[in-house]
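Each chain, written out:
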Amino acid sequence: LGWLEVAVSYRENAHSLDCTMVRARDLPAMDAAGLTDPYCKVNIVTPEGLTKYTRWLRTKTVHKTRNPEFNETLQFVGVEPEELGCSALYVAIFDDDKYGHDYLGGAKIALSPVHNTNQYRISVPLGGEDHFSNEAEMSQEWPHGKILISLCYNTKRRALVVNVKQCINLIPMDNNGSSDPFVKLQLKPDSHKNKKYKTGVKWRTLNPIYREEFYFESSPHDLNKQTLIITVWDKDIGKSNDFLGSLIIGFNSKGERLQQWLDCIKLPDHFHEKWHCLSGEHPTH
């Protein structure tokens, strides 16, 4: 999964651990151009195997590269000298994307050598997911909720089948702290003149279950250049509906969204199901 270079120093008079994310190398590609938009989330792991801080620190995103130069220092205040001997620095690297941040790799670095040097500099190989990387991912803010989508290319009908399964943690829009959500779908560009579809309305819920299927006529060749636009709305009677969130998935997506789209084309007549985060960005239908 690549490499990470980190420089760490400790200022005893300020009880401060200064952690510089220097650079990463050979990160996994996340988009069709073979690039990614990486950033780091960082915390300290205690001897008990717990994260010391409830808030993970985050670097800026470095765009369109698998070899980012971060050169950014994150500061942890309130670290006692005796903690260094048995604590570790945990760094998780993610791909920045408005529909869910894909995990790129992580590293756990022992802090015991930091005491003996002005600056401890180390390059470490990045490893796969574990419960710390999952915790870092769960610490991300997703105010618009998530949606579960299942895709299948049906060769007999020559159509993309979209099953809108459910949403969770949608935004409450009504005075009663709830919403009346429904989902709209459209495939673009659309040479077959498929109409726009919408699910039924689920009344008074932020966690609607739909399990509704929609068919879009298309060829695998066309799907390689198409995008599915999904928007979630709160039904309002007598006035315009409120926008709750969106998902765009297709040939120009990234990470898990791109993977689901490609799997659907390469492995037809099978359903490919994934959760995605909803964005607050309003796409043009």
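Residues numbered from 1 in each chain as written. Predicted model: local features only at pLDDT ≥ 70, side-chain atom pairs only at ≥ 80, totals over all residues. Heavy atoms only, no water.

J.: How would you explain the UniProt feature "domain: C2" (unreviewed entry) in the protein chain if you had to name every residue and give the values?
T.: The residues that UniProt annotates with the feature "domain: C2" (unreviewed entry) are residues 1–126 and 143–276. Between the first and last C-alpha atoms of residues 1–126 the distance is 5 Å; the span itself is 0% helix and 48% strand. As a span, residues 143–276 carries 12% helix and 45% strand, and end to end its C-alpha atoms are 13 Å apart. (UniProt positions renumbered as here; feature names shortened; annotations may be inferred. Helix = DSSP H or I, 4+ residues; strand = E, 2+ residues; numbered from the N terminus.)

J.: So, the domain arrangement of the protein chain: which residues are in play, and what are the values?
T.: When the parts of a complex come together, some accessible area is lost, and that lost area is often used as the size of the interface. By the assigned domains, the protein chain splits into domain 1 (3–138) and domain 2 (146–277). The straight-line distance from the C-alpha centre of domain 1 to that of domain 2 is 35 Å. Each partner contributes residues to the interface: domain 1 has ten residues there, and domain 2 has twelve residues. Considering only the surface of domain 1 that becomes buried against domain 2, Met30, Tyr99 and Asp102 emerge as the three largest contributors, covering 61% of it. Between domain 1 and domain 2 we count four salt bridges in total. (Domains from an automatic or database assignment. Contact = heavy atoms within 4.5 Å. Buried area = accessible area lost by both parts, 1.4 Å probe. Salt bridge = Lys/Arg side-chain N within 4 Å of Asp/Glu carboxyl O.)

J.: Could you give me a rundown of the layout of surface pockets, with the residues and numbers involved?
T.: The computed volume of the largest pocket comes to approximately 590 Å³. What lines the largest pocket is a set of 27 residues, among which His101, Asp102, Tyr103, Glu137 and Glu256 lie closest to the centre. When contributions to the lining of the largest pocket are tallied by element, the ones reaching two or more residues are strand S7 (102–110), helix H1 (131–138), helix H3 (255–266) and strand S16 (272–277). It is H3 that provides the largest number of residues to the lining of the largest pocket, a total of six residues. Here the lining of the largest pocket is composed, by residue class, of 13 nonpolar, seven polar and seven charged. Domain assignment of the residues forming the lining of the largest pocket places at least three in each of domain 1 (3–138) and domain 2 (146–277). (1 Å grid on protein atoms, 1.4 Å probe; cavity = no way out; pocket = protein on both sides within 12 Å on 5 of 7 lines; lining within 4 Å. Points joined across faces, edges and corners; volume = space filled by probe spheres on them. Nonpolar A, V, L, I, M, F, W, Y, C, P; charged D, E, K, R; others polar.)

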